[in-house]
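Examination of the molecular architecture
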Amino acid sequence: MGQFDGKVALVTGAARGIGQAIALKMAADGADLALCDLKAEWLEETAGKVKALGRRAECYSVDVSSAAGVDVTVKQIEKDFGKIDILVNNAGITKDGLIMRMSEADWDAVLNVNLKGVFLFTKAAMRGMMKQRSGSIVNIASIIGLIGNPGQANYAASKGAVIAFTKTVAKELSSRNVRCNAVAPGFIRTKMTDALSEEVQQKMLANIPLGRFGAPEDVANVVAFLAGDASGYVTGQVISTCGGMVM
Ligand code: NAP
């Protein structure tokens, strides 16, 4: 018996990195998976691994920042699976640069994916959750949204706003037994962080009390806790998953 037996989980940005680890943890705990990313074919690896765990996986192409695309996708998922129990808003991007040199396009791109995408998927999925009087939404923020970071004004603003949005959703939906929480990862080894120079990586490592970078699975375990009944009395919270970088 898994904690998510009979549950349907939707994960955005599930093709790789943290999103893939979250999908696999959910599947290992019994959930069926609706996997979303920009291109459905990129999701084949994740879907294959979910199916190998004995769970159902369907893949959907969607840009999380497109209102029309998100609406159509959530309707299709509800048709295919009959319901959505868990929504994990994980898709996110970076376009780093000092504010003085940051283009409007880079500001808009990051806010559109990291913040508007969370709004659109939440709005589309919450209707069904409110009707069924149960649901759990987990947003992937970042410790950068709590502490800021030079060169990441757009990213920090988007993730800080995701935290404020999380608390508002929690307050609006509590009466319908729908919870909403956020995870704020620190430095997690994925393609996103592999792009940083060795020098930057070593500087970050020096500031991590637990003395190691995180793995996508470290985040997935916290997401599973927040998505499941073990956290049934937890809503509107942010759990930093950062090896103690922020405390
Ligand atoms: P990643 O390896 O870059 O994976 C992100 C996934 O999201 C990719 O598959 C990406 O597709 C997809 N995606 C990007 N834009 C999208 C869009 N508009 N619509 C649909 N899907 C889209 O990143 P990650 O490191 O796993 O990060 C996952 C989440 O954790 C993000 O929200 C990130 O901000 C957050 N986070 C990560 C870290 C870290 O250290 N890695 C730390 C704190 C927070 P593409 O292949 O097209 O890019």
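In what follows, the structure referred to is the one given above.
What you are looking at is a predicted structure, and each value in this text was computed from that prediction instead of being measured.

This paragraph deals with helix H6 (residues 153-173). With 21 residues, H6 extends 30 Å between its outermost C-alpha atoms, agreeing within 8% with the 30 Å of an ideal straight helix rising 1.5 Å per residue. Among all positions of H6, only Asn154, Tyr155, Ala156, Ser158, Lys159, Val162, Ile163, Thr166, Val169, Ala170 and Leu173 are buried.

Turning our attention to the environment of Thr235. With respect to the helices and strands, Thr235 occurs in the loop between helix H9 (216-227) and strand E7 (238-241). Here Thr235 falls in the partly exposed class, since its relative accessible area comes to 27%. In the structure, Thr235 is positioned 83 residues away from Gln152 in sequence and 28 Å away in space, judged by C-alpha atoms. Beyond its immediate stretch of four places on either side in the chain, Thr235 contacts Ala170, Ser174, Arg179, Cys180 and Asn181.

Glancing now at the nonpolar core. If you look at the biggest cluster of nonpolar residues, it comprises 32 residues, and the most contacted ones within it are Ile22, Met26, Leu33, Leu35, Val88, Val183 and Val223. At the level of elements, strand E1 (8-12), helix H1 (17-28), strand E2 (32-37), helix H2 (44-52), strand E4 (86-89), strand E5 (135-140) and H9 are the ones that each hand at least two residues to this core. By size, the runner-up hydrophobic cluster in this structure holds 27 residues, among which are Val70, Phe121, Met126 and Met129.

Inspection of every chain in the model, using the stated rule, returns two aromatic pairs. Note on Phe119 and Phe165: the rings are 6.4 Å apart at their centroids and 85° apart in plane angle, and the pair reads as edge-to-face. Here the residue Phe119 occupies a position in helix H4 (residues 104-132), and Phe165 occupies one in helix H6, the gap between them amounting to 46 residues. A relative accessible area of 38% means that Phe119 is categorised as partly exposed. One Lys or Arg, Arg56, reaches over the ring of Phe81 and ends 4.2 Å from the middle of that ring.

To continue, consider the site of the ligand. Close to the ligand lie 28 residues, the nearest being Arg16, Asp37, Asn90, Tyr155 and Thr190. Contact distances for the ligand include 2.7 Å between an oxygen atom and a backbone N or O atom of Asn90. Within the contact set of the ligand, an oxygen atom lies 2.6 Å away from a side-chain nitrogen or oxygen of Tyr155. Those elements that place two or more of their residues in the shell around the ligand are H1, H6 and helix H7 (191-194). A class-by-class count of the residues in the shell around the ligand yields 16 nonpolar, eight polar and four charged.

What follows covers the sheet that holds strand E6 (residues 178-185). Ordered in space as E3-E2-E1-E4-E5-E6-E7, the seven strands form an open sheet in which the pairing is parallel. Each edge of the sheet is formed by a strand with only one pairing partner; in this case those strands are strand E3 (57-61) and E7. Averaged over neighbouring strand pairs, the angle between their axes works out to 15° when direction is ignored. Judged from the five bridges that link them, E2 and E3 form a sheet pairing that is parallel. If you follow Ala34 over to E3, its bridge partner there is Glu58.

To continue, consider the environment of Tyr60. Structurally, the position occupied by Tyr60 is in strand E3. Residues contacting Tyr60, with those up to four places away along its chain left out, are Ala34, Leu35, Cys36, Asp37, Ala40, Leu43, Thr73, Gln76, Ile77, Asp80 and Phe81. Side chain to side chain, Tyr60 and Asp80 meet in a polar contact 2.7 Å long.

The next point concerns a positive patch on the surface. A grouping of Lys75, Lys123, Arg127 and Lys131 is seen on the molecular surface, where their side chains present a positively charged patch. If one sorts the elements of the positive patch by residue count, H4 sits on top with three residues. For Lys75, a relative accessible area of 54% translates into the label exposed.

Thresholds applied
- Residues numbered from 1 in each chain as written.
- Predicted model: local features only at pLDDT ≥ 70, side-chain atom pairs only at ≥ 80, totals over all residues.
- Heavy atoms only, no water.
- Helix = DSSP H or I, 4+ residues; strand = E, 2+ residues; numbered from the N terminus.
- Expected span 1.5 Å × (residues − 1).
- Buried < 20%, exposed > 50% of the residue type's maximum accessible area, 1.4 Å probe, protein only.
- Contact = heavy atoms within 4.5 Å.
- Core = buried A, V, L, I, M, F, W, Y, C linked by side-chain atoms within 4.5 Å.
- Phe/Tyr/Trp six-rings, centres within 6.5 Å; stacked < 30°, edge-to-face > 60°.
- Lys NZ or Arg CZ within 6 Å of the ring centre and 35° of its normal.
- Near = heavy atom within 4 Å.
- Polar contact = N/O pair within 3.5 Å; in protein donor to acceptor, adjacent residues only side chain to side chain.
- Nonpolar A, V, L, I, M, F, W, Y, C, P; charged D, E, K, R; others polar.
- Pairing = 2+ DSSP bridges.
- Axes fitted to C-alpha atoms, helices over the stretch in contact; angles between N-to-C directions.
- Patch = residues over 30% accessible without salt bridge, like charges linked within 9 Å, V, L, I, M, F, W, Y side chains within 5 Å.
- Areas by Shrake-Rupley, 256 points an atom, 1.4 Å probe, with all protein chains shown as cover.
- Salt bridge = Lys/Arg side-chain N within 4 Å of Asp/Glu carboxyl O.
- Lys, Arg positive; Asp, Glu negative; His and termini not counted.
- Charge placed at Lys NZ, Arg CZ, Asp CG, Glu CD.

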